[in-house]
Every structure is written in structure tokens, then in C-alpha cells.
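Chain by chain, the residues run as shown.
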Amino acid sequence: MRSNLVALRKGLGLTQPDFAKMFGLSASELCRIEKGQRKGSVDLWLGIADTFKLSLPELRKIMEVTELKN
């Protein structure tokens, strides 16, 4: 799960469909990226970093996939 990516999106007040549209994705593809089931393209990650003015450490943090704890 990319919980930091989800937190970024929600913190901006964006739904999955709205966020996905900004980067030329479908909501279902974004969902798979957020769940860590897909990596996402380099263009996607660079687009997110550029759009939201993220530093390299911030970008690495939102790209990070962590396991959910039960």
C-alpha cells in the first residue's frame, strides 16, 4: 500500500478519479498503483513531483510501498 500517496491525494482534497485524470490514468489504474499492485511509470512519478513541487526525498516517500498491519 502506498499510504503516503493516498495521504497526499486526500490532503489535496482530490478523489481517485480527479487525481488520476490529472496524470492521464483511469481511476482503477490509480487504485492499483495506490495499493502497490502496479509500479506506475517514470512519467507519472515525475509528473506528480513536478505538479506538487516535491523534493526527491518526498517523492521517494510517496512511492514507497508498505505492508498493511492487521
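Before reading further, recall that the structure is shown in the block above.
Just so it is clear, the structure is predicted and the values come from calculations on it, not from any experiment.

Rules and cut-offs
Residues numbered from 1 in each chain as written. Predicted model: local features only at pLDDT ≥ 70, side-chain atom pairs only at ≥ 80, totals over all residues. Heavy atoms only, no water. Helix = DSSP H or I, 4+ residues; strand = E, 2+ residues; numbered from the N terminus. Buried < 20%, exposed > 50% of the residue type's maximum accessible area, 1.4 Å probe, protein only. Polar contact = N/O pair within 3.5 Å; in protein donor to acceptor, adjacent residues only side chain to side chain. Contact = heavy atoms within 4.5 Å. Salt bridge = Lys/Arg side-chain N within 4 Å of Asp/Glu carboxyl O. Phe/Tyr/Trp six-rings, centres within 6.5 Å; stacked < 30°, edge-to-face > 60°.

*Asks:* With reference to specific residues and values, describe unusual backbone geometry.
*Replies:* One non-glycine residue, Lys 53, adopts positive backbone phi at about 55 degrees. Relative to the helices and strands, Lys 53 is located in the loop between helix H4 (42–51) and helix H5 (56–63). Among the residues examined, Lys 53 registers a relative accessible area of 66% and is labelled exposed.

*Asks:* Break down the side chain of Glu 34 for me, citing the residues and quoting the values.
*Replies:* Counting through the fold element by element, Glu 34 comes out in helix H3 (residues 27–34). Among the residues examined, Glu 34 registers a relative accessible area of 3% and is labelled buried. Reaching out from Glu 34, the side chain makes a polar contact with the side chain of Arg 9 at a distance of 2.7 Å. Setting aside anything within four residues of it in sequence, one finds Glu 34 in contact with Met 1, Arg 2, Leu 5, Val 6, Arg 9 and Gln 16.

*Asks:* Let's hear about the pattern of salt bridges: which residues, and what values?
*Replies:* Applying the stated criterion across every chain, the model contains two salt bridges. Here Glu 34 makes a salt bridge to Arg 9, at a shortest N to O gap of 2.7 Å. Note that Glu 34 is positioned in helix H3 and Arg 9 in helix H1 (residues 3–11), a separation of 25 residues in sequence. When sorted by exposure, Glu 34 lands in the same class as Arg 9, which is buried.

*Asks:* Provide a residue-level description of the packing of aromatic side chains, including the pertinent values.
*Replies:* Summed over all chains, the structure comprises three aromatic pairs. Both rings, one in Phe 19 and one in Phe 23, keep their centres 5.2 Å apart while their planes meet at 50 degrees; by these two values the pair is tilted. As far as burial versus exposure is concerned, Phe 19 and Phe 23 are alike and both buried. Members of the aromatic cluster, each reached through a chain of ring pairs, are Phe 19, Phe 23 and Phe 52.

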